[in-house]
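Working through the structure, step by step
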Amino acid sequence: MIETVAGIFTSSAFGAVTGMVGSWLTKREERETLKVQQTHEAKMRELDIKEAEKEHAQALQLVDKAIDQAEAEGRIASDVAAARAFAASQKAGNQSSGVKVVDAAKTLMRPLITVYLLVIASYLVIEINTITGGLTQLPASALLSLYEQVLDEMIFLTTTAVTWWFGARPSSKRN
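Residues numbered from 1 in each chain as written. Predicted model: local features only at pLDDT ≥ 70, side-chain atom pairs only at ≥ 80, totals over all residues. Heavy atoms only, no water.

1. Remarks on the pattern of salt bridges
For the coordinates displayed, the defined rule picks out one salt bridge. Between Arg45 and Glu41 there is a salt bridge, with the nearest N and O atoms lying 3.9 Å from each other. Taken together, the residues Arg45 and Glu41, both in helix H2 (residues 12–62) and four residues apart, mark about one turn of the helix. (Salt bridge = Lys/Arg side-chain N within 4 Å of Asp/Glu carboxyl O. Helix = DSSP H or I, 4+ residues; strand = E, 2+ residues; numbered from the N terminus.)

2. Quick word on helix H4 (residues 100–132)
Relative to the 48 Å expected for 33 residues at 1.5 Å per residue, H4 spans 46 Å between its end C-alpha atoms, a close match to the ideal helical length. At Leu108, H4 is deflected by roughly 55 degrees, the largest bend along its length, and proline Pro111 occurs up to four residues later in sequence. After H4 finishes, the residue Gly133 shows a positive phi value of roughly 90 degrees. (Expected span 1.5 Å × (residues − 1). Bend = angle between axes of the 7 residues up to and from the residue.)

3. Focus: helix H5 (residues 140–167)
Residues spaced three or four apart along an α-helix face the same direction, because each turn holds 3.6 residues. Between its first and last C-alpha, H5 extends 40 Å over 28 residues, near the 40 Å set by a 1.5 Å rise per residue. Three or more residues of H5 are buried, namely Phe156, Thr159, Thr160 and Gly167. (Buried < 20%, exposed > 50% of the residue type's maximum accessible area, 1.4 Å probe, protein only.)

4. Digging into the environment of Glu153
As for its placement among the helices and strands, Glu153 is situated in helix H5. The spatial distance from the C-alpha of Glu153 to the C-alpha of Phe9 is 9.1 Å, given a sequence separation of 144 residues.

5. What about the packing of aromatic side chains?
The final tally for this structure, using the stated rule, is one aromatic pair. Summarising the aromatic geometry, the rings of Phe14 and Phe156 are spaced 6.1 Å apart at their centres and angled 15 degrees between planes, so their arrangement reads as stacked. Residue Phe14 is located in helix H2, and its partner Phe156 is located in helix H5; the two are separated by 142 residues in the primary sequence. (Phe/Tyr/Trp six-rings, centres within 6.5 Å; stacked < 30°, edge-to-face > 60°.)

Right, here's the structure in full:
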């Protein structure tokens, strides 16, 4: 029974599901962030439009001949404001902390954790191998069971990592 449950949790299918869930959670968070940014941009555009409308009304009251000029200035102001809002949103999303060490740590965190876990796992295998006298001390049935378990774990880890890491990559539509 325990082997069946362990087999399910270490299968490549469960690894794929785990990776897909992680990828889905990442995408969901990105959608929420994008939604907040778009709401902010829409509100800023509304304020820009209101401001441009006030400017147009004043220009119309002052001079009838200035209508064409005021409309052109309103369009330019709206475009500039939209461009500034877009630039600000892009800058805020990609803003570094200004501290090279912190930015490098953010960038290197996933690879460093992965390398650390691989080193610890390798160290444990070497120590256990030394303490037990190696694989030659185990009976063939135990070796076969161990071999199957190691294969299941490797397939699970590989599937989880590939599905999650590639699923969490930024899409070309967000770039």
